[in-house]
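Take a look at the letters that make up each chain.
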Amino acid sequence: MEILLLGTGSADGWPNPFCRCVSCRSATEVRGQTAALVDDVLLLDCGPEAPRAAARFGRSLASVRHILFTHGHWDHVGPAAMLMRHWTRTGEPLDVVGPPSALDQCRDWVGPEDPVRFIEVSPGDDLRVGDYRVRVLAAAHGSDIGADAVLYDLESVGGRIFWATDTGPLPDATHTAVAGAGFDAVFLEQTFGMHTGHGTEHHDLPAFAATVDELRRSGAVVAATELVAVHLSHHNPPEPELTAALADSGARPGRDGEIVGAEPTRSLILGGARSGKSAHAEALLAGQAAVTYLATGGVREGDPEWAERVRLHRSRRPASWRTVETSDVAEALLTAETPVLLDCLGTWLTARMDLHNVWDGGLLDGVHDDIDKLVAAWRSCPVRAVAVSNEAGSGVVPSTPAGRLFRDLLGVLNARIAAESDEVVLMVAGRPLKLPAQ
Ligand SMILES: [Zn+2]
Ligand SMILES: [Zn+2]
């Protein structure tokens, strides 16, 4: 299941465009109203900003066949989307699912010939829409709309997620319904940060932590669950503090445009010396509670400068990261149980070339076998994986045959790993440059 977060902000977004508070002024991310696009065919909420957000993130909504509304507040229901769709004269069917007061807002925006099916739901319903099983759960929200608000437990062959916005601390019936679910991802609202005097229609940070605790106790959230805070507002502290506070719960703030996949993703970070590639790779995994760091650099006896570099790298990594010194990286990738950082492919290749004695004219077959094995393991790695490699091809031509051989083999290795990666980033002067897919 692929979930594209179209928005991760509250009704007014974060920053609130009219506000000058510290939280708004320091915001480096712009967050719009919370909504998500699942597998390009299902929308979870669709407020007024959602369709345009999809376009900005390079997606078409032409394949959407199902919209699930949580409730009728204006930031979640932008019925004009129905009219936009009508104008393309699509003959494709659309299911519009939600509590009655959300659906009622949409009916006038649908033409008489539009193949739209309205499906009213209430907590406890369990239905199929397309390839998805939808369990409808009670929310604690919307007293102004007769508490006509629900949350969704959404499951397909690709995974199972919990869409939990808007709501205060979850009703007991909802905790009971999701017990043991072992979700792949949970999107739980956290609107109010450290402001706790807002009533109980939303979560603040302490309430968020308490809800996550309870979800863990019941087995709804397990170690592998991605926990993403959404519906964020300027009542939250600036992003670094918010990130730290959420990390205590094993969660992180969602970002507009972010893709959360039940499938583990593979990232390759390329760059020259001192380009910032290791720091960027580490930042990609900063939200993970436990990471296995595969150190392929080995030890260089009598080289204090190298030792200092290794020490610096190590001191930057959180204490919860486990370092494994190995050159059998293929095996480590295949058996990994926590997200993996492999730093870096260049030193791994050097070690394999040493092992097969190729510097003195030994045969290359062994190295090619090792590369094949590494690429296969990278493809099959069961967890989130980030690899760092040197972009060595653009400097001067190495003066020795051994140097040229290394450069050429690394180029081949980088291209093959890139072909099996979900994203490839080139670091230049500390800035990440996302490379287009082929
Ligand atoms: Zn809302
Ligand atoms: Zn609401």
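Residues numbered from 1 in each chain as written. Chains lettered and ligands numbered in written order. Predicted model: local features only at pLDDT ≥ 70, side-chain atom pairs only at ≥ 80, totals over all residues. Heavy atoms only, no water.

## Brief notes about the overall build of the protein chain
Of the regular secondary structure elements, the protein chain holds 13 helices and 21 strands. By the compact-globule yardstick of 22 Å for 438 residues, the protein chain fits well, its C-alpha radius of gyration being 24 Å. With the principal axes as the frame, the protein chain shows a C-alpha extent of 80 × 50 × 40 Å. The buried share of the protein chain, reckoned over its 438 residues, is 48%. Taking contacts inside the protein chain between residues at least 6 apart in sequence as the whole, the part at least 24 apart equals 70%. For the protein chain, the accessible area works out to roughly 20200 Å², and carbon and sulfur atoms hold 54% of it. (Helix = DSSP H or I, 4+ residues; strand = E, 2+ residues; numbered from the N terminus. Rg over C-alpha atoms; globule rule 2.2 N^0.38 Å. Buried < 20%, exposed > 50% of the residue type's maximum accessible area, 1.4 Å probe, protein only. Contact = heavy atoms within 4.5 Å. Areas by Shrake-Rupley, 256 points an atom, 1.4 Å probe, with all protein chains shown as cover.)

## A few points about the packing of aromatic side chains
All chains considered together, the criterion is met by two aromatic pairs. Ring geometry for Phe-162 versus Phe-183: centroids 5.4 Å apart, planes at 20°, classification stacked. Residue Phe-162 is found in strand E10 (residues 159-164), and its partner Phe-183 is found in the loop between helix H5 (172-178) and strand E11 (185-189); the two are separated by 21 residues along the sequence. The exposure class assigned to Phe-183 is buried, which follows from its relative accessible area of 1%. Geometrically, the ring pair formed by Trp-163 and Phe-187 is tilted, given 5.7 Å between the ring centres and 50° between the ring planes. In this pair, Trp-163 sits in strand E10 while Phe-187 sits in strand E11, placing the two residues 24 residues apart along the sequence. (Phe/Tyr/Trp six-rings, centres within 6.5 Å; stacked < 30°, edge-to-face > 60°.)

## Regarding the UniProt feature "domain: Metallo-beta-lactamase" (unreviewed entry) in the protein chain
As annotated by UniProt and renumbered to match this structure, "domain: Metallo-beta-lactamase" (unreviewed entry) occupies residues 32-198. Helix and strand shares over residues 32-198 are 18% and 29% respectively, and the end C-alpha atoms of the span are 21 Å apart. (UniProt positions renumbered as here; feature names shortened; annotations may be inferred.)

## Concerning the sheet that holds strand E17 (residues 322-325)
The strand order across the open sheet formed by seven strands is E17-E16-E18-E19-E15-E20-E21, and the pairing between neighbours is mixed. Edge strands, defined here as strands with exactly one partner in the open sheet, are E17 and strand E21 (431-434). When the angles between neighbouring strand axes are averaged without regard to direction, this sheet yields 20°. Summarising the sheet, strand E20 (residues 423-428) and E21 pair through four bridges and their orientation is antiparallel. Bridging from a neighbouring strand, Met-427 pairs with Pro-432 of E21. Most of the contacts of helix H11 (residues 345-355) go to strand E19 (residues 385-390), to which it runs at about 70°, and overall it touches strand E15 (266-271), strand E18 (340-343) and E19. (Pairing = 2+ DSSP bridges. Axes fitted to C-alpha atoms, helices over the stretch in contact; angles between N-to-C directions.)

## Quick notes on the coordination of the zinc ion (ligand 2)
Ideal geometry at a metal gives 109.5 degrees between four tetrahedral donors and either 90 or 180 degrees between six octahedral ones. Protein-derived ligands of the zinc ion (ligand 2) are His-71 (NE2), His-73 (ND1), His-141 (NE2) and Asp-166 (OD), with the metal-ligand distances lying across 2.1 to 2.3 Å. Of note is the zinc ion (ligand 2), whose four donor atoms meet at the metal with angles of 90 to 172° in an arrangement that counts as irregular. In primary sequence terms, the donor set of the zinc ion (ligand 2) follows H-x1-H-x67-H-x24-D. A spacing of 3.5 Å is found between the zinc ion (ligand 2) and the zinc ion (ligand 1), which share Asp-166 as a donor. With His-73 in the loop between strand E4 (66-68) and helix H3 (80-87) and His-141 in the loop between strand E8 (132-138) and strand E9 (150-156), this pair connects stretches of sequence that are 68 residues apart. In this structure, His-73 and His-141 share a single accessibility class: buried. (Donors = N, O, S within 2.8 Å, 3.2 Å for Na, K, Ca; no water. Tetrahedral: all angles 85-135°; square planar, octahedral: opposite > 155°, others 65-115°.)

## Describing the coordination of the zinc ion (ligand 1)
Coordination of the zinc ion (ligand 1) by the protein is provided by Asp-75 (OD), His-76 (NE2), Asp-166 (OD) and His-231 (NE2), with metal-donor distances spanning 2.1 to 2.2 Å. Angles of 86 to 164° at the metal separate the four donor atoms of the zinc ion (ligand 1), which places the site in the irregular class. Coordination of the zinc ion (ligand 1) draws on donor residues from a single chain, spaced D-H-x89-D-x64-H in sequence.

## Here's the deal with the pairing of E8
The element E8 is largely enclosed, with a buried count of six among its seven residues. Where strand E7 (residues 126-129) meets E8, four bridges bridge the pair, whose relative direction is antiparallel. Its bridge partner being in E8, Val-129 is matched across the sheet by Tyr-132. Once E7 ends, the chain turns through two residues before running back antiparallel as E8, passing Gly-130 with a positive phi of about 55°.

## Quick look at the pairing of E10
Most of E10 sits inside the fold, with six of its six residues counted as buried. In E10, alternate side chains face the same way, and those of Gly-159, Ile-161 and Trp-163 on one face and Arg-160, Phe-162 and Ala-164 on the other are all buried. Bridge analysis of E9 against E10 gives five bridges, and the strand direction is antiparallel. Across the sheet, Leu-154 pairs through a bridge with Ile-161, a residue of E10. Two successive antiparallel strands, E9 and E10, enclose a turn made up of two residues.

## As for the side chain of Thr-174
For Thr-174, the location among the structural elements is in helix H5. If we ignore the near neighbours within four places in the chain, the residues touching Thr-174 are Leu-137, Ala-138, Leu-151 and Phe-162.

## Quick notes on the pattern of salt bridges
Close approach of charged atoms lets side chains of opposite charge pair. For the structure shown, the criterion picks out 20 salt bridges. Among the ionic pairs, Glu-120 bridges to Arg-107, the shortest N-O distance being 3.0 Å. You can see Glu-120 sitting in strand E6 (residues 116-120) and its partner Arg-107 sitting in helix H4 (residues 100-107), a full 13 residues away along the chain. The class for Glu-120 is partly exposed, based on a relative accessible area of 43%. Of the charged contacts in the structure, one is a salt bridge between Arg-252 and Glu-226, with a shortest N-O distance of 2.6 Å. On the criterion of sequence distance, the pair formed by Arg-252 in strand E13 (residues 251-253) and Glu-226 in strand E12 (residues 226-230) is long-range, its members being 26 residues apart. The structure contains a network of salt bridges with shared partners spanning Glu-29, Arg-31, Glu-239 and Arg-255. (Salt bridge = Lys/Arg side-chain N within 4 Å of Asp/Glu carboxyl O.)

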